[in-house]
Amino acid sequence: MIKRMIGVVAASAVLALGLSACSGSSAPSSSGSTSGKQSVAFAVNGALGDQGFFDDAQRGLDELKASGHKTQTLQADASNPAQWKSNLESLSTGSWDLAVVGSAQMSDILIATSKKFPNQKYISFDNVVPGANIASITYAQNEGSFLAGALAAYAATDKASFPLSSAGKTVGLVGGMDIPVINDFVEGFKAGVKAVDPSIKTVVSYVGSFSDSAKGYDQAKAMFADGADVVFQVAGGSGIGVLQAAKDANKYGIGVDQNQNAVQPGHVLASMLKHVGSSLVLAVEAADAGKLAFGKTTSYGLANNGVGLDFTNNSNLVPDAIQKKIDALKQDVVDGKTTVPHAAGAQ
């Protein structure tokens, strides 16, 4: 079994950063700071516990805390933008060196807040937000999803290697919302499927929320009922329902944002990771060194191991031969032999 737990290489990534640069609010948690280390506050436009995007970011904050940075995390109601705004403003009054936010849902709030507090420094992850006091971080989710699409296609055509498959040549994707960043996952996924077998049907639906696991479950259940052998979830907390549906249908799912392979053992083929937590650690460490370029964007993709598929902890569901094929497709992207399409408006 070839393991694909992909990490970000700190030295080169820090240099790149320097050059190119649930309901209700929870009680904040903080730690003492060490001289020379930036203090960091994270305003979550939702709640931790999604087993994905926000939890991965929090792991980065936890790592920073363990290394001596003063940290704080404020959670919020996932459907209350006014609370997101209030929390971010409360972290922007000079008590914190860096205020961290993520996702396109925070764009307008961050733009307004950064102008209101021009002396505050911000890190925006998974989104590009203009502003001289904002350092943006993006991830080539289309490239990582290209590999997820290829994996889904192999599973949908090779019953011998994937015994829960009907080899019916249908796969699905459940997205959180119909927005550019999610559609970038969709375009990459479709391209990966076509790279393996253009005749495979890809079904796509949107939950309309990143926190409605019941609706995510229902949409995935419908896809499995209509013949899908694999469904890729790119829906945050809603995606936990997708993986539950994979188990209940005795089919396969693909996770996202962090290693979700053990969420439904035997049914999650792999997880497509964006190394959010690691990128935040690198950004803050660059800020510690005075090398984080504000007003600019740093991107992570397959070439610098910022995204990729993680096959660990999934009970050897994916044969080595398939993993080698996935690795070859990855190398084609890295070498420029394959260009993965972007969705319109994706960054």
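Everything numeric here is computed off the predicted structure, so don't read it as measured data.

**Some details on the overall build of the protein**
- When helices and strands are counted, the protein shows ten helices and twelve strands.
- When the 347 residues of the protein are sorted by exposure, 56% land in the buried category.
- Split by element, the accessible area of the protein, about 13100 Å² in all, is 51% carbon and sulfur.

**Observations regarding the pairing of strand S3 (residues 98-102)**
- In terms of burial, S3 is a largely internal element, five of the five residues being buried.
- Where burial is concerned, the two faces of S3 agree: the one with Leu98, Val100 and Gly102 and the one with Ala99 and Val101 are both buried.
- Sheet analysis places strand S1 (residues 40-43) next to S3, joined by three bridges and oriented parallel. Opposite Val40, over in S3, you have Leu98 as the bridge partner.
- Pairing of S3 with strand S4 (residues 121-125), which is carried by five bridges, proceeds in the parallel orientation.

**Digging into the environment of Gln38**
- Considering the arrangement of structural elements, one finds Gln38 in the loop between helix H1 (10-19) and S1.
- Between the C-alpha atom of Gln38 and that of Leu64, which follows or precedes it by 26 residues, the distance is 9.5 Å.
- Here Gln38 is in contact with His69, Lys70, Asp97, Leu98, Val284, Ala287 and Asp288, once residues within four sequence places are set aside.

**Some points on the confidence of the model for the protein**
- The predicted model of the protein has a mean per-residue pLDDT of 89, with 89% of residues at 70 or higher.
- pLDDT under 50 marks residues 1-34. Its contacts with residues more than four places away, or in other chains, come to 100 contacts.

**Considerations on the pattern of salt bridges**
- For the coordinates displayed, the defined rule picks out six salt bridges.
- Where Glu89 meets Lys85, a salt bridge forms, and the shortest distance between an N and an O atom there is 2.9 Å. Pair noted here: Glu89 and Lys85 are both in helix H3 (residues 81-90), with a separation of four residues, about one helical turn.
- Here Glu89 falls in the buried class, since its relative accessible area comes to 16%.
- For the salt bridge of Asp197 with Lys169, the shortest nitrogen-to-oxygen distance reads 3.1 Å.

**Looking at the packing of H3 against helix H4 (residues 107-116)**
- Between H3 and H4, the least distance of the axes is 10 Å, while the angle of their chain directions is 30 degrees. The angle between H3 and H4 places the two elements in the roughly parallel class. Here H3 runs over H4; the crossing is right-handed. From H3, Pro81, Trp84, Lys85, Leu88 and Glu89 reach across to H4, where they touch Ile109, Leu110, Thr113 and Lys116.
- Considered class by class, the residues forming the contact of H3 with H4 number five nonpolar, one polar and three charged.

**Concerning the packing of helix H5 (residues 141-157) against helix H10 (residues 320-334)**
- At their nearest, the axes of H5 and H10 sit 10 Å apart, and the two run at 150 degrees to each other. In this structure, the crossing between H5 and H10 has a hand that is right-handed. In this structure, H5 contributes Glu143, Phe146, Leu147, Ala150, Leu151 and Tyr154 to the contact, and H10 contributes Ile322, Lys325, Ile326, Leu329, Lys330 and Val333.
- Grouping the amino acids of the contact of H5 with H10 by side-chain chemistry returns nine nonpolar, no polar and three charged.

**Some thoughts on the sheet that holds strand S10 (residues 268-274)**
- The strand order across the open sheet formed by six strands is S7-S6-S8-S9-S10-S12, and the pairing between neighbours is mixed. Edge positions in the sheet fall to strand S7 (201-206) and strand S12 (307-310), since each of these pairs with one other strand and no more. The sheet shows a mean angle of 20 degrees between the axes of neighbouring strands, taken without regard to direction.
- The strands touched by helix H8 (residues 239-248) within the sheet are strand S6 (170-175), strand S8 (230-234), strand S9 (252-256) and S10, with S9 carrying the most contacts at an inclination of about 160 degrees.

**Structural notes on helix H9 (residues 276-288)**
- End to end, H9 covers 18 Å across 13 residues, agreeing with the expected 18 Å (1.5 Å per residue, within 8%).
- The buried count for H9 comes to ten of 13 residues, which makes it a mostly enclosed element.
- Those residues of H9 that sit buried are Val276, Gly277, Ser279, Leu280, Val281, Leu282, Ala283, Val284, Ala286 and Ala287.
- Positive backbone phi, at 75 degrees, marks Gly290, one or two positions downstream of H9.

**Thoughts on the nonpolar core**
- By size, the foremost hydrophobic cluster in this structure holds 66 residues, and its most contacted members are Phe125, Leu151, Phe232 and Leu269.
- Leave out the neighbours within four places in its chain, and Leu269 touches Leu151, Ala155, Phe162, Val230, Tyr252, Gly253, Ile254, Phe311, Asn314, Leu317 and Val318.
- If you look at the next biggest cluster of nonpolar residues, it comprises 17 residues, including Leu74, Leu88, Leu91 and Trp96.

Calculation rules
Residue positions within a chain follow its written sequence, with the count starting from 1. Only residues with pLDDT of at least 70 are given local features in this predicted model, and only at 80 or more are side-chain atom pairs given and counted; all residues enter the totals for whole chains, interfaces and linings. The side-chain figures draw on all heavy atoms in the structure; neither hydrogens nor water molecules are used. Only DSSP runs of H or I reaching four residues or more are called helices, and only runs of E reaching two or more are called strands; each is numbered from the N terminus. For every residue, the accessible area (1.4 Å probe, protein chains only) is compared with the maximum for its type, and the residue is labelled buried under 20%, exposed over 50%, or partly exposed between those bounds. Computed with the Shrake-Rupley method and a 1.4 Å probe, the accessible areas treat only the protein chains shown as cover for residues. Criterion used throughout: strands pair if DSSP finds at least two bridges between them. Note on contacts: a residue pair qualifies if any of its non-hydrogen atoms lie within 4.5 Å across the two residues. Confidence scores here are pLDDT values: one per residue, from the predictor, ranging 0 to 100. When a carboxyl oxygen of Asp or Glu lies within 4 Å of a side-chain nitrogen of Lys or Arg, that pair is called a salt bridge. Every axis corresponds to a line fitted to the C-alpha atoms, with the helix fit spanning only the stretch in contact, and the corresponding angles, defined between N-to-C directions, vary from 0 to 180 degrees. By definition in this entry, angles of less than 35 degrees are roughly parallel, angles greater than 145 are roughly antiparallel, angles of 65 to 115 are roughly perpendicular, and the rest are oblique. Left-handed describes a crossing whose near helix is turned anticlockwise from the far helix by less than a right angle; the clockwise case is right-handed. Amino acid classes used here: Ala, Val, Leu, Ile, Met, Phe, Trp, Tyr, Cys and Pro are nonpolar; Asp, Glu, Lys and Arg are charged; the rest, including Gly, are polar. Expected helix span is taken as 1.5 Å per residue step, with the number of steps being one fewer than the number of residues. Definition used in this section: a nonpolar core is a set of buried Ala, Val, Leu, Ile, Met, Phe, Trp, Tyr and Cys residues joined via side-chain atoms within 4.5 Å.

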